[in-house]
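Chain by chain, the residues:
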Amino acid sequence: DSGVTQTPKHLITATGQRVTLRCSPRSGDLSVYWYQQSLDQGLQFLIQYYNGEERAKGNILERFSAQQFPDLHSELNLSSLELGDSALYFCASSDATGDYEQYFGPGTRLTVT
Amino acid sequence: AQTVTQSQPEMSVQEAETVTLSCTYDTSENNYYLFWYKQPPSRQMILVIRQEAYKQQNATENRFSVNFQKAAKSFSLKISDSQLGDTAMYFCAFMKAVVGNQFYFGTGTSLTVIP
């Protein structure tokens, strides 16, 4: 158990809908990262937050947005969903003080029908 | 930009044998970290081993070891005495040595250990 939690585990929704994925980092970790893993692909970095502020952006679509709250949990919002958005979405956290390791949550599997 | 390449989409190995997974990367950075992650059918990402680029000595973790060739930008993973539980996707990942930086992942190698 990495200490990172993600909810929900599974999500099935229709095209055009909007969903919110939630992540709670390990206790004390200030950095949260979101990654997308499409079928049989590697993980693609989407976005990073550090202590409530956006720190870095990767291949994140304009239809996607994220935020990190004062209690350090993070939410990834996906809107106007398309079939191609079906993927496993991982959240990872790190303490960003010298430990370069990131701790991954169990992921949320999103299926868009 | 950083890129990570895993040229072996699938591999298999007999139980108790040794297998080597390949990874190459491209970067202009001098300080960075390299990682191997394992993703079993449960889909959980599990850190297998990591290597600091400034260290010449290859990292080892029990049955897992790496062959890090900095000049060749190569970072292979050797699994000795393969076990059935080693069956998984293996991802190579690169990170610039900047605290709080993102991972760049390869596309993965699917390893099957045959009883």
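Definitions and limits used
Residues numbered from 1 in each chain as written. Chains lettered and ligands numbered in written order. Predicted model: local features only at pLDDT ≥ 70, side-chain atom pairs only at ≥ 80, totals over all residues. Heavy atoms only, no water. Contact = heavy atoms within 4.5 Å. Buried area = accessible area lost by both parts, 1.4 Å probe. Salt bridge = Lys/Arg side-chain N within 4 Å of Asp/Glu carboxyl O. Helix = DSSP H or I, 4+ residues; strand = E, 2+ residues; numbered from the N terminus. Nonpolar A, V, L, I, M, F, W, Y, C, P; charged D, E, K, R; others polar. Buried < 20%, exposed > 50% of the residue type's maximum accessible area, 1.4 Å probe, protein only. Disulfide = S-S within 2.5 Å. Core = buried A, V, L, I, M, F, W, Y, C linked by side-chain atoms within 4.5 Å.

(A) Representation of the interface of chain B and chain A in the model. Taken together, the contact pairs 21 residues of chain B with 23 residues of chain A. Regarding the contact of chain B and chain A, the summed buried area is about 1,900 Å², with carbon and sulfur atoms giving 55% of it. Joining chain B to chain A, the criterion identifies zero salt bridges. Per-element tally for the side of chain B that touches chain A: the top contributor is strand β5 (residues 32–39) of chain B, with four residues. Residue composition of the side of chain B that touches chain A, by class: twelve nonpolar, seven polar and two charged.

(B) Representation of the pattern of salt bridges within the structure. In this structure the tally under the stated criterion is seven salt bridges over all chains. The residue A:Arg26 makes a salt bridge to A:Asp29 at a minimum N-O spacing of 2.8 Å. Residue A:Arg26 is classed as partly exposed on the basis of its relative accessible area of 21%. Residue class for A:Asp29 comes out buried when judged on its relative accessible area of 2%. Between B:Lys55 and B:Glu52 there is a salt bridge whose closest N-O contact spans 3.9 Å. The buried category is assigned to B:Glu52, whose relative accessible area is 11%. Here the salt bridges do not stand alone but share partners, grouping A:Arg63, A:Glu82 and A:Asp85 into one network.

(C) Quick peek at the state of the cysteines. Overall, the coordinates contain two disulfides over all chains when judged by the stated rule. Put simply, A:Cys23 and A:Cys91 are joined by a disulfide, and their sulfur atoms are 1.8 Å apart. The disulfide joining A:Cys23 to A:Cys91 has a torsion of about -50 degrees about its S-S bond and is therefore left-handed. One end of the pair, A:Cys23, is in strand β3 (residues 19–24); the other, A:Cys91, is in strand β9 (residues 87–94), and 68 residues separate them in sequence. Note on accessibility: A:Cys23 and A:Cys91 belong to one class, buried. With its sulfur 2.0 Å from that of its partner, B:Cys23 forms a disulfide with B:Cys92. Taking the torsion about the S-S bond as the criterion, the B:Cys23 to B:Cys92 disulfide, at about -70 degrees, is left-handed.

(D) Examining the nonpolar core more closely. Residues B:Tyr25, B:Trp36, B:Phe75, B:Leu77 and B:Tyr90 are the most contacted members of the largest nonpolar core, which totals 25 residues. Elements that contribute at least two residues to this core include exactly β3 (19–21), β5, β6 (46–52), β8 (64–69), β9 (74–79), β10 (88–96) and β12 (109–114) of chain B. The greatest single-element share of this core, amounting to four residues, is contributed by β10(B). Beyond its immediate stretch of four places on either side in the chain, B:Tyr25 contacts B:Thr3, B:Val4, B:Tyr32, B:Leu34, B:Phe68, B:Gln69, B:Lys70, B:Lys73, B:Ser74, B:Phe75 and B:Phe94. Listed in part, the 21 residues of the second largest apolar core include A:Val4, A:Val19, A:Leu21 and A:Tyr103.

(E) Main features of unusual backbone geometry. Cis rather than trans, the peptide bond between A:Thr7 and A:Pro8 has omega equal to -10 degrees. Residue placement: A:Pro8 occurs in the loop between β1 (5–7) and β2 (10–13). Although it is not a glycine, A:Leu72 sits at a positive phi angle of roughly 80 degrees. Mapped onto the secondary structure, A:Leu72 falls in the loop between β7 (64–68) and β8 (74–78). On the basis of relative accessible area, A:Leu72 is assigned to the buried category, the value being 15%. One non-glycine residue, B:Arg43, lies in the positive phi region at around 80 degrees. Among the secondary structure elements, B:Arg43 is positioned in the loop between β5 and β6. Under the relative-accessibility criterion, B:Arg43 is labelled partly exposed at 26%.

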